[in-house]
Amino acid sequence: MDAQGRERGNDMDPADQWVLNPDTGDYELRLNDSAPQPSIPSPRRPRPAGVGGGKGAGAPRGRGDAPGRAAAPGRAPERPPGRRAAERGATEPEAAESEAPPPRRRRGAPEEPPPGRRGRRPVKKKSKAKKVLLWTGGVMAFVVLATGVGGYLYLEHLNDNIDAIPDDGASTGGFQKDKAINILLIGTDKRTGSGNEGYGDKGSAGHADTTLLLHVSQDRTNATALSIPRDLIVDIPDCPTTLEDGTQKVIPGSSGARFNTSLGQNDRTPSCTMRTVTELTGITPDNFMVADFNAVKTLTTAVEGVEVCVAKDIDDPDSHLKLDKGTHTIEGEEALAYVRTRHSVGTGGDLSRIGLQQQFLSALMRKLKSNDTLTSPSKMLKLAEAGTEALTVDAQLDNINKLKDLGLELGKLNIKNLTFTTVPVVDNPAEAVKATVVLDQAKAPQVFAAIANDVSFTEVKQQKKKEKAAVAARLEGPKAEASEVRVQVFNGGAPSGSAQDTLTWLQLKEGVGKSENAGNAPKTLKKTTLEYAPDQADQARRLADILGLSGSGMKPGESATNSQGLPTMTLTLGEDFKGAGVSLTPPSKAPDDIAKSTADKVECAK
């Protein structure tokens with residue numbers, strides 16, 4: 001996507017229409033008494049009212065132990081890539097308010113807000129706008145716009161900037177306000193845009209050069225940005241894919257492949273990178289965002305540069321970066337060179353560059369959060385332009401209102417609780433000359449489990465209440481002998497065959513002989529649960545002890561009847577089930593022995 005090559009409705013900078021009223025602390029539309037209102041960039045093409053955007057089509061993915069289990073219905077088919085805001089609906093402005101001219105004010109009197117504006121609190125107080133982190137590249141800038149026709153037309157213009165492509169059923173269906181959020185951020189090495197041909201392989205199809213999985217906690221108190229090395233050896237699954245011409249095909253997977261080939265190689269799209277991340281981590285992203293080289297240049301220019309620190313002189317002929325030791329404010333081409341350099345930092349490899357990129361993103365977050373940015377309508381609107389042009393998003397985020405909703409959720413986070421870390425890896429033992437890496441099997445599963453279970457990587461007091469004493473007490477008390485435990489095992493979302501594997505393990509390894517396979521549960525569960533009657537509590541405690549099941553997984557209720565007509569407990573294996581004998585107790589804290597940093601700290605690249 002060539003962000004710099006896009007045409008504009010005209011040469012007017014929309015930010016020039018807004019001024020700060022010192023009496024009210026509010027941004028107001030500049031309307032001269034003797035001149036008409038300056039024009040706003042208009043939509044590039046007309047939009048039929050009420051036309052909605054399509055959603056991602058998903059191939060059904062059924063799991064279960066018994067044949068005949070119904071797969072979850074797929075979403076409606078995706079639109080072909082490239083169809084954009086002309087197809088999207090938009091909220092109509094209130095005609096009476098947007099067409100009526102504002103009243104003139106007496107000379108010397110405070111300027112009145114135009115009709116239709118709602119009052120705001122003074123700038124000295126912490127307004128809602130100040131709390132909004134512009135994570136999505138400035139799409140939240142429009143919160144300073146009026147609700148009148150000027151703001152409406154500018155939102156239409158931003159809508160027309162957005163490029164959305166199908167997620168091909170690889171996502172959860174989009175983020176939800178009451179749940180944890182997982183966004184896949186993909187930086188490609190595609191050399192589109194003015195001046196970018198000189199960076200490395202100008203013929204690149206656009207591989208996953210820089211990838212982060214951003215997890216934001218359900219209570220919005222903390223977040224983790226997990227970098228995935230491009231040279232990590234992974235298994236890329238088969239990928240149902242919507243091609244550029246709108247046709248669909250399944251692109252065959254690859255085992256033992258570099259992670260970066262999950263995008264661009266063999267026509268793979270971001271939805272395939274999303275599937276690869278799910279295969280790798282066990283976490284299904286809600287949405288994806290893709291940025292090419294221009295994103296770094298345009299976003300840093302929009303905020304008039306970000307401050308970075310280097311611990312030594314850097315002169316990298318490959319990335320064209322030349323910086324003296326110390327602190328620098330960089331933007332545009334220099335910012336792009338900074339995030340691309342690797343031979344001059346650390347060990348000169350991709351892992352060292354990941355650390356530098358994390359430091360850069362921390363600096364960008366601090367700049368976006370600063371009052372210098374949030375109180376400047378000019379910067380806010382430039383960010384809106386840069387963000388909506390430089391990013392390609394999935395079809396679940398195909399209009400400015402959806403991006404606004406995401407921005408509001410992400411804006412609740414304090415950056416001191418945003419932790420950057422990297423997938424734990426070791427050198428590939430199969431290589432004599434080390435060029436790739438593989439998972440550190442001792443550490444990586446712990447990191448994935450912590451993120452999947454919404455565990456903070458910073459010491460933060462979460463709003464989520466700890467497990468109540470009554471829940472913890474379910475594990476306390478006498479336990480029956482294993483031979484007295486009677487249970488039926490259902491598969492409620494675990495991998496196929498899990499119920500039978502668990503039954504075999506319970507009977508042969510743990511002495512739970514009074515157990516049976518009940519097949520597939522009537523519905524899928526996120527968490528494994530054990531339901532039991534009050535008089536079965538001692539059996540439940542014994543089975544929970546065997547399974548490593550926490551008190552929250554125990555569900556006091558009613559007993560069921562097994563195939564012999566006897567009362568029995570019900571164990572339903574959920575999507576969190578990892579295998580027979582693997583503890584079902586989620587981690588309560590993140591691993592201690594991994595490298596990490598937080599976005600509020602200034603660090604110097606070494």
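We now turn to the structure provided with this report. A quick note: this is a predicted structure, and the numbers were derived from the prediction, not measured. (Residues numbered from 1 in each chain as written. Predicted model: local features only at pLDDT ≥ 70, side-chain atom pairs only at ≥ 80, totals over all residues. Heavy atoms only, no water.)

### So, the overall build of the protein
Thinking step 1. A tally of helices and strands in the protein yields 13 helices and 27 strands.
Thinking step 2. Relative to its full complement of 606 residues, the protein shows a buried share of 51%.
Thinking step 3. For the protein, the exposed surface amounts to about 27,700 Å²; the carbon and sulfur share of it is 51%. (Helix = DSSP H or I, 4+ residues; strand = E, 2+ residues; numbered from the N terminus. Buried < 20%, exposed > 50% of the residue type's maximum accessible area, 1.4 Å probe, protein only. Areas by Shrake-Rupley, 256 points an atom, 1.4 Å probe, with all protein chains shown as cover.)

### Overview of the state of the cysteines
Simply put, the disulfide is a covalent bond whose two ends are the sulfur atoms of two cysteines.
Thinking step 1. All told, the structure shown has two disulfides when counted by the stated rule.
Thinking step 2. Shown here is the disulfide that connects cysteine 239 with cysteine 272, its sulfur atoms set 2.1 Å apart. Between cysteine 239 and cysteine 272, the disulfide has an S-S torsion of 60 degrees and is therefore right-handed. Taken together, the residues span a long stretch of sequence, with cysteine 239 in strand E8 (residues 239–242) and cysteine 272 in helix H3 (residues 270–281) at a distance of 33 residues. Each member of the pair, cysteine 239 together with cysteine 272, is buried.
Thinking step 3. Counting only the cysteines that take part in disulfides, in the order they occur along the protein, gives the pairing 1-2, 3-4. (Disulfide = S-S within 2.5 Å.)

### What to know about the pattern of salt bridges
Thinking step 1. Using the criterion set out here, one finds 14 salt bridges in the structure.
Thinking step 2. Measuring nitrogen to oxygen at the nearest pair gives 2.8 Å for the salt bridge that ties lysine 297 to glutamate 333. Here glutamate 333 lies in helix H5 (residues 332–340) and lysine 297 lies in helix H4 (residues 293–302), a separation of 36 residues in the sequence.
Thinking step 3. Glutamate 575 is paired through a salt bridge with lysine 526; the nearest N and O atoms lie 3.3 Å apart. Highlighted residues: glutamate 575 in the loop between strand E25 (567–573) and strand E26 (596–598) and lysine 526 in the loop between strand E21 (514–520) and strand E22 (529–532), separated in sequence by 49 residues.
Thinking step 4. Residues joined in a network through salt bridges with shared partners are Asp209, Arg230, Asp231, Arg258 and Arg353. (Salt bridge = Lys/Arg side-chain N within 4 Å of Asp/Glu carboxyl O.)

### Describing the nonpolar core
Thinking step 1. Judged by nonpolar contacts, the single largest core of 51 residues is most densely connected at Tyr338, Phe360, Leu406 and Leu418.
Thinking step 2. Tallying contributions element by element places helix H6 (residues 350–369) first for this core, with six residues.
Thinking step 3. Here tyrosine 338 is in contact with Val308, Cys309, Val310, Leu321, Leu323, Ile330, Leu356, Gln359, Phe360 and Ala605, once residues within four sequence places are set aside.
Thinking step 4. In terms of nonpolar packing, the next biggest core, distinct from the first, is built from 35 residues, Ile165, Cys272, Val290 and Val425 among them. (Core = buried A, V, L, I, M, F, W, Y, C linked by side-chain atoms within 4.5 Å. Contact = heavy atoms within 4.5 Å.)

### As for the side chain of asparagine 417
Thinking step 1. As for its position among the elements, asparagine 417 is in the loop between helix H9 (400–410) and strand E17 (418–422).
Thinking step 2. Judged by its relative accessible area of 9%, asparagine 417 is buried.
Thinking step 3. Within polar-contact distance, the side chain of asparagine 417 engages the side chain of threonine 458 at 3.4 Å. (Polar contact = N/O pair within 3.5 Å; in protein donor to acceptor, adjacent residues only side chain to side chain.)

### Looking at the sheet that holds strand E12 (residues 306–310)
Thinking step 1. Read across the sheet, three strands follow the order E15-E12-E27 without closing on themselves; strand pairing throughout is mixed. Of all strands in the sheet, those with a lone pairing partner are strand E15 (326–330) and strand E27 (604–605), marking the two edges.
Thinking step 2. Here E12 runs beside E27; their pairing, made up of two bridges, is parallel. Looking across to E27, one finds that valine 310 is bridged to alanine 605. (Pairing = 2+ DSSP bridges.)

### Points about the sheet that holds E26
Thinking step 1. In spatial order, the strands read E3-E16-E11-E4-E5-E6-E17-E26; together these eight strands make up an open sheet with mixed pairing. Looking at strand neighbours, the two that pair on one side only are strand E3 (163–165) and E26, the edges of this open sheet. Neighbouring strand axes in the sheet, compared pairwise and without regard to direction, differ in orientation by 25 degrees on average.
Thinking step 2. In this structure, strand E5 (residues 208–216) lies alongside strand E6 (residues 223–228), joined through six bridges in antiparallel fashion. Its bridge partner being in E6, leucine 214 is matched across the sheet by alanine 225. (Axes fitted to C-alpha atoms, helices over the stretch in contact; angles between N-to-C directions.)

### Comments concerning the environment of isoleucine 451
Thinking step 1. Along the polypeptide, isoleucine 451 turns up in helix H10 (residues 444–452).
Thinking step 2. Residues isoleucine 451 and valine 216, 235 residues apart in the sequence, show an inter-C-alpha distance of 9.2 Å.
Thinking step 3. Isoleucine 451 has contacts with Asn182, His215, Thr224, Leu226, Ile283 and Phe457, leaving out every residue within four places of it along the chain.

### Section: helix H8 (residues 377–390)
Thinking step 1. Relative to the 20 Å expected for 14 residues at 1.5 Å per residue, H8 spans 20 Å between its end C-alpha atoms, a close match to the ideal helical length.
Thinking step 2. The buried fraction of H8 amounts to twelve of the 14 residues, a majority that puts the element mostly inside the structure.
Thinking step 3. Those residues of H8 not exposed but buried are Pro377, Lys379, Met380, Leu381, Leu383, Ala384, Glu385, Ala386, Gly387, Thr388, Glu389 and Ala390. (Expected span 1.5 Å × (residues − 1).)

### A closer look at H4
Thinking step 1. Among the ten residues that make up H4, eight are buried, leaving the element largely enclosed by the rest of the structure.
Thinking step 2. Taken as a whole, H4 has its buried residues at Phe293, Asn294, Ala295, Lys297, Thr298, Leu299, Thr300 and Ala302.
Thinking step 3. Regarding H4, its N-cap is aspartate 292, as a side-chain oxygen of that residue lies 3.0 Å from the backbone nitrogen of asparagine 294 further along.
Thinking step 4. Positioned one or two residues after H4, glutamate 304 has a phi angle of 60 degrees, which is positive.

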